[in-house]
Amino acid sequence: MSTLPTLPGFDSPVDDAQAVFRAVLGAFSRPGLPVPLSVLPPPLQVGGFSQGMLALALALCDKDTPLWLDAAADTPEARRHLRFHCASPLTEQPSEASFAFIAKPESMPRLGAFKQGRADFPDRSTTLVINANLSASQAQTVELTGPGVKGNDRGLWQRASIDGLPAWFWKDWEANYADYPLGVDVIFVDTGTDASSTPQTRLLGLPRTACVRETAKERPACM
């Protein structure tokens, strides 16, 4: 049986990784606002590990960051690629992961299953990288407030469209927000098209400090 070759990573490993890192920082510093990701590595040939997810892995992961992959992202090719380019160990337990890559969020574990951090090291928690649709219809919109949201100090909320998540996600996020400074952080990855039908990858950050309400519901109490 033939095996797929290990694909190259970034064209310019240092510059491209820095560009991806800046995009991630931008997404987390302005929660709810999609940020374009212009630097992408070659796509994997099989499985659901998208180019956007792969770009984040190549830029953020190393030998000290255990990774958890959901079933849709977990292929022999993805494992070989991540081991070769990132040297990251792979774990079968979400509670042990520094990063979790989720290609099919409909069947993802509950947020509490991932590493929550400790009181003395709250940053030692899982960052979830989730494929999602950021161009959803009005029915799937949510609103965010908190640090980094423009107008947060005046009681304003940032509207965002995030589709493809399990029905329980935002209820779990309320608990995640309430547990601050513990809890997980999330970055959504969407590969859609722009007005000219050109493929475009975007990131949307959801730090644990973000209070979220579903637009059809009453505003939760945010302290």
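Summarised in this report is the structure supplied together with it. Small disclaimer: the values here were computed from a predicted structure and weren't measured.

When helices and strands are counted, the protein shows 4 helices and 9 strands. From first element to last, N terminus to C terminus, the protein shows the α and β order α-β-α-β-α-β-β-β-β-α-β-β-β. A buried classification covers 48% of the 223 residues belonging to the protein. Look at the contacts in the protein between residues 6 or more apart in sequence, and 68% of them connect residues 24 or more apart. In the form shown here, the protein has an accessible surface area of approximately 11,100 Å², with 53% of it arising from carbon and sulfur atoms.

Moving on: the nonpolar core. The biggest cluster of nonpolar side chains holds 32 residues, and the ones touching the most others in it are Val20, Phe49, Leu56, Leu82, Phe101 and Leu203. Those elements that provide at least two residues to this core are helix H1 (13-29), strand E1 (35-37), helix H2 (51-60), strand E2 (67-69), helix H3 (76-86), strand E3 (99-102) and strand E7 (185-193). Apart from residues no more than four positions distant in its own chain, Leu203 is found in contact with Ala23, Val24, Ala27, Leu33, Pro34, Val35, Leu37, Leu56, Leu134, Ile187, Phe188 and Val189. In this structure, Met108, Leu111, Tyr177 and Phe188 belong to the second largest nonpolar core, which totals 30 residues.

Turning our attention to the packing of aromatic side chains. For the coordinates displayed, the defined rule picks out 6 aromatic pairs. A cation over a ring is seen here: Arg124 above Phe121, with NZ or CZ 3.7 Å from the ring centre. Over the ring of Trp157 we find Arg213, and its NZ or CZ is 4.1 Å from the ring centre.

Below, the discussion takes up unusual backbone geometry. Cis geometry marks the peptide bond from Tyr180 to Pro181; its omega dihedral reads 15°. Mapped onto the elements of the fold, Pro181 is located in the loop between helix H4 (169-178) and E7.

This paragraph deals with the packing of H2 against H3. For the pair H2 and H3, interaxial distance at closest approach is 9 Å and the crossing angle is 30°. Taken together, the axis directions place H2 and H3 in an arrangement best described as roughly parallel. When you trace H2 past H3, the crossing you get is right-handed. Between H2, through Leu54, Ala57 and Leu58, and H3, the contact on the second element is made entirely by His81, Leu82, His85 and Cys86. The class makeup of the residues in the contact of H2 with H3 is 5 nonpolar, 2 polar and no charged.

Before going further, it helps to spend a moment on H1. Taking 1.5 Å of rise per residue, the 17 residues of H1 would be expected to cover 24 Å, and the 24 Å separating its terminal C-alpha atoms lies within 8% of that figure. If you check which residues of H1 are buried, you get Asp16, Ala17, Val20, Ala23, Val24 and Ala27. Seen end-on, H1 carries its buried residues on one side only, within an arc spanning 120°. Opposite the buried face of H1, by more than 90 degrees, sit the exposed residues Val14 and Arg22.

We now examine H3. Of all the positions in H3, only Glu77, Ala78, Arg79, His81, Leu82 and Cys86 are classed as buried. Tucked into the core, H3 has its buried residues touching H2 and E2. Of the residues flanking the end of H3, it is Ala87, one or two places downstream, whose phi is positive at about 60°.

Moving on to the environment of Phe114. Turning to its location among the elements, Phe114 is positioned in the loop between E3 and strand E4 (127-131). Distance in space between the C-alpha atoms of Phe114 and Glu96 is 7.3 Å, their sequence separation being 18 residues.

For Pro43, the location among the structural elements is in the loop between E1 and H2. Residues contacting Pro43, with those up to four places away along its chain left out, are Leu7 and Gln51.

The rules behind each value
Counting from 1, residues in each chain are numbered in the order their sequence is written. Predicted model: local features are reported for residues with pLDDT of at least 70 only, side-chain atom pairs are reported and counted for 80 or more only, and whole-chain, interface and lining totals are derived from all residues. Only heavy atoms go into the side-chain values, all of them from the structure, while hydrogens and water stay out. Strands are runs of DSSP state E lasting at least 2 residues, helices are runs of H or I lasting at least 4, and numbering of each runs from the N terminus. The buried label goes to any residue with under 20% of its type's maximum accessible area, the exposed label to any with over 50%, and the partly exposed label to all in between, with areas taken from a 1.4 Å probe on protein chains only. What makes two residues a contact is simply this: any of their non-hydrogen atoms within 4.5 Å. Calculation of accessible area relied on Shrake-Rupley with a 1.4 Å probe; when residues are assessed, cover is drawn exclusively from the protein chains displayed. Note on terminology: a nonpolar core comprises buried Ala, Val, Leu, Ile, Met, Phe, Trp, Tyr and Cys residues joined through side-chain atoms within 4.5 Å. Note on aromatic contacts: the rings of Phe and Tyr and the six-membered ring of Trp form a pair at centre separations within 6.5 Å, being stacked when their planes are under 30 degrees apart, edge-to-face when over 60 apart, and tilted otherwise. In our convention, an over-ring charge means Lys NZ or Arg CZ found within 6 Å of a ring centre and within 35 degrees of that ring's normal. Each axis is a line fitted through C-alpha atoms, and for a helix only the stretch in contact is used; angles between axes span 0 to 180 degrees, taken between their N-to-C directions. For classification purposes, an angle smaller than 35 degrees is called roughly parallel, one larger than 145 roughly antiparallel, one from 65 to 115 roughly perpendicular, and anything else oblique. Less than a right angle of anticlockwise turn of the near helix away from the far helix marks a crossing as left-handed, whereas a clockwise turn marks it as right-handed. Residue polarity is assigned by list, with Asp, Glu, Lys and Arg as charged and Ala, Val, Leu, Ile, Met, Phe, Trp, Tyr, Cys and Pro as nonpolar; anything else, Gly included, falls into the polar class. Expected helix span is computed as 1.5 Å times (number of residues minus one). It is the directions from the helix axis to the C-beta atoms that the arc portrays.

By themselves, these figures tell us nothing about what the structure is for.
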